[in-house]
Amino acid sequence: MMFEASPVHFFERAPSQTELIDRFARKLTYLRISVTDRCNMRCDYCRPSADAYQAEPRSHILQFEEIERIVEVAASLGVSKVRITGGEPLVRRDLPKLIEKIASIDDITDLAMTSNATYLAKHAQELKNAGLNRINISLDTLNPLRFQKLTGGELAPVLAGIQATKNAGFVPIKLNTVLMKGINDDEVADLIDFASDIGATIRFIELMPMKQGLDWEKHYISIDDVLAQENVQARVDIALMQTGNTAARYLPLKSGKGDVGFIMPMSERFCEGCNRLRLTADGGLRSCLPADDQLNLRDLMRNGGSDEDIRSTFLRSALIKPEVGIYNFDGDTEKRSMIHIGG
Ligand code: SAM
């Protein structure tokens, strides 16, 4: 649900506050920005079945200047980390120009991007030169046919993109794998070996029930079940699992060659340590991934809203951030897909 952002009246303390602290004393310092809701792939877990997905009209999508303005205000409220995502960020023309602008904002000290890597062979160096610090790459399978079936894309350019990211000097490179029972849960050990061989860190993510083409109940598998696999136990010592409230928990590889990460949004929520806000490609400010409430920064800005209004909207978003993110399993029509929100 998109709400009108008319925060000045709503939140009287706004002008005096300089940090985004929610009702549960969490400090929000991390903004994930979707720069497009379009993608060159059509991963079944990320969007509704191909025909059912309608991208927003281009006029609804934030301009780079609008994104830059929002980040400047966010930075003045203590946001120091930005991740660019989508859709596929690199289908947005001239993305390095936006990266350069955001990288030049003083208080943004960590600028990262999530990509499917298809276009990184062409753009990795340019992104590095523009000031991007880190890249996470989605890689769900090493099997070319499986890859094609799951994503609608090709594996070879993705592998070339990973290599180009390395060559451009991005460190660390993180690979993200969404785990799906019956689709790629037999490849965990191979993916661990692949990442270790190329000096990357792989993170396995539990499948979340979003508006998606894939049947969640059929394909969900918990990290615990994956860690029970013999060939996974041969590679990591489960007793050494990190504790804490971070999104990813890491285990050292027995080989000594790096770590493996596990992200458990379903079996072990990490809401207590959540420091995130999200900006959708069409200008919705969301404080929780599965909660559909969002504040409309695009219309606020296009109707002449001031920086102070944007600031108040951020403060209001922090105020409505729920304590815990609740995933809705009942097919709620409001529910958005990852491609629409920004992953
Ligand atoms: N196109 C880019 C990419 O492929 O990395 C960025 C956008 S994608 C939506 C960002 C992340 O969301 C990816 O790591 C993807 O694996 C994850 N994702 C999408 N849908 C998901 C779901 N239902 N459950 C868990 N992770 C999901």
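Everything quoted here is computed from the prediction, not taken from an experiment. (Residues numbered from 1 in each chain as written. Predicted model: local features only at pLDDT ≥ 70, side-chain atom pairs only at ≥ 80, totals over all residues. Heavy atoms only, no water.)

Asker: Explain the site of the ligand to me, using residue names and the numbers behind them.
Answerer: Neighbouring the ligand are 19 residues; Tyr 45, Gly 87, Ser 138, Met 208 and Gln 212 lie closest to it. Met 208 has a polar backbone atom sitting 2.9 Å from a nitrogen atom of the ligand. In this structure, Gln 212 approaches the ligand through a side-chain N or O atom, which is 3.0 Å from a nitrogen atom. About the coverage of the ligand: the protein hides 95% of its 550 Å² of free accessible area. Mapped by element, the contributors of at least two residues to the shell around the ligand are β4 (110-115) and β6 (173-179). Counted by class, the shell around the ligand contains 7 nonpolar, 10 polar and 2 charged residues. (Near = heavy atom within 4 Å. Polar contact = N/O pair within 3.5 Å; in protein donor to acceptor, adjacent residues only side chain to side chain. Areas by Shrake-Rupley, 256 points an atom, 1.4 Å probe, with all protein chains shown as cover. Helix = DSSP H or I, 4+ residues; strand = E, 2+ residues; numbered from the N terminus. Nonpolar A, V, L, I, M, F, W, Y, C, P; charged D, E, K, R; others polar.)

Asker: Describe the pairing of strand β10 (residues 276-279), listing the residues and the values that go with them.
Answerer: Examined bridge by bridge, strand β2 (residues 30-34) and β10 share 4 bridges and lie parallel to one another. Bridged to Leu 31 within β10 is Leu 277. Strand direction decides the pairing type here: β10 and strand β11 (residues 284-286), joined by 2 bridges, are antiparallel. Opposite Arg 278, over in β11, you have Arg 286 as the bridge partner. Counted between consecutive antiparallel strands, the loop separating β10 from β11 contains 4 residues, among which Gly 283 sits at a positive phi close to 85°. (Pairing = 2+ DSSP bridges.)

Asker: Break down helix α2 (residues 64-76) for me, citing the residues and quoting the values.
Answerer: The end-to-end C-alpha separation of α2 is 18 Å, in line with the 18 Å expected for 13 residues at 1.5 Å each. On the buried face of α2, the contacting elements are β2, β3 (81-85), α3 (95-103), β10, α11 (297-302) and α12 (307-319). In the segment just after α2, Gly 78 is the residue with positive phi, at about 100°. (Expected span 1.5 Å × (residues − 1). Contact = heavy atoms within 4.5 Å.)

Asker: An account of the packing of helix α4 (residues 120-130) against helix α6 (residues 155-167) is requested, with residue identities and associated values reported.
Answerer: In the contact formed by α4 and α6, the axes pass within 8 Å of each other and the chain directions differ by 20°. When the axes of α4 and α6 are compared, the pair comes out roughly parallel. Judged by the sense of rotation from one axis to the other, the crossing of α4 with α6 is right-handed. The segment α4 lies against α6, with Leu 120, Ala 121, Ala 124 and Gln 125 engaging Ala 160, Gly 161, Ala 164, Thr 165 and Asn 167. Class assignment for the residues of the contact of α4 with α6 results in 5 nonpolar, 4 polar and no charged. (Axes fitted to C-alpha atoms, helices over the stretch in contact; angles between N-to-C directions. Parallel < 35°, antiparallel > 145°, perpendicular 65-115°, else oblique. Left-handed = near helix turned anticlockwise from the far one by under 90°.)

Asker: A description of the state of the cysteines should follow, citing residues and the corresponding values.
Answerer: In this structure the tally under the stated criterion is 0 disulfides. A disulfide-free cysteine, Cys 46 has its sulfur positioned 6.1 Å from the sulfur of Cys 43, the nearest such atom. In this structure Cys 271 is a free cysteine whose sulfur lies 6.3 Å from that of Cys 288, the closest cysteine sulfur available. (Disulfide = S-S within 2.5 Å.)

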